[in-house]
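Remarks on the overall topology
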Amino acid sequence: MTRDNVPIPTQSSTSVPAQPPSGAAPDQPADPTPAARQAAIGTGVPAAIVQGAAQGAAYGTARTALTHLTEKVLADPPDWDWARTAWNFVKELLGW
């Protein structure tokens, strides 16, 4: 049901402010002109498109880099002696 179909409520006769002559309820603002409504439609769309494109590009770049790194590691596994040496050094520092 739209606002136009709703009857205006009756008010008691004790100190009632006058209703506006347009017939609109006092607590409802007048409808904006069609030009004002049209200007508001889609104002944030270009920004959302740019943001979505940037997020997609970042996701694609990260996925490509991870895929490339995984393929390199699987094709030629690194020598892990440096990690073992570093771990032994840390253990000596901590006294384990």
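It is worth spelling out the overall build of the protein at this point. Of the regular secondary structure elements, the protein holds three helices and zero strands. Listing every helix and strand of the protein by position from the N terminus yields α-α-α. Going through the 96 residues of the protein one by one, you find that 0% of them count as buried. Only carbon and sulfur atoms are counted for the fraction: they give 65% of the accessible area of the protein, which is about 8,700 Å².

On the surface, Trp 87, Phe 89, Val 90, Leu 93, Leu 94 and Trp 96 cluster together into a nonpolar patch covering about 730 Å² of accessible area. Take Trp 87: it is sitting in helix α3 (residues 81-94).

Side-chain pairing between opposite charges can occur once the charged atoms of the two side chains come close. In this structure the tally under the stated criterion is one salt bridge. Here Asp 81 and Arg 84 are joined by a salt bridge, their closest N and O atoms 2.9 Å apart. Of this pair, Asp 81 and Arg 84 both sit in helix α3, three residues apart, roughly one helical turn. Note on Asp 81: relative accessible area 41%, which makes it partly exposed.

Over its 14 residues, α3 extends 20 Å from the first C-alpha to the last, a length consistent with the 20 Å expected when each residue adds 1.5 Å. In terms of residue burial, α3 counts as a barely covered element, since only zero of its 14 residues are buried. Following α3 by one or two positions, Gly 95 adopts a phi angle in the positive range, close to 80°.

Atomic detail in the predicted coordinates should be set aside for any region of low pLDDT. Confidence in the prediction for the protein averages 76 pLDDT; 61% of positions are at 70 or higher. Element-level mean pLDDT values for the protein span from 56 in helix α1 (residues 34-40) up to 91 in α3.

Calculation rules
Here the residue numbers are simple positions, counted from 1 along each chain's written sequence. Confidence filtering applies because this is a predicted model: local features only for residues at pLDDT of at least 70, side-chain atom pairs given and counted only at 80 or more, and all residues used for totals across whole chains, interfaces and linings. As a rule here, side-chain values cover all heavy atoms of the structure and leave hydrogens and water aside. Secondary structure counts use DSSP, requiring at least four H or I residues in a row for a helix and at least two E residues in a row for a strand, with both numbered from the N terminus. Categorising residues by exposure relies on relative accessible area from a 1.4 Å probe, with only protein chains included: less than 20% of the type maximum marks a residue as buried, more than 50% marks it as exposed, and the intermediate range marks it as partly exposed. Values of accessible area rely on a 1.4 Å probe in the Shrake-Rupley scheme; residue burial ignores everything except the protein chains shown. A patch is a set of surface residues, each over 30% in relative accessible area and not in a salt bridge, joined within 9 Å for like charges and within 5 Å for the nonpolar side chains Val, Leu, Ile, Met, Phe, Trp and Tyr. The term salt bridge refers to a side-chain nitrogen of Lys or Arg lying within 4 Å of a carboxyl oxygen of Asp or Glu. Helix span, expected: 1.5 Å multiplied by one less than the number of residues in the helix. One confidence number per residue, pLDDT, is output by the predictor and ranges from 0 to 100.

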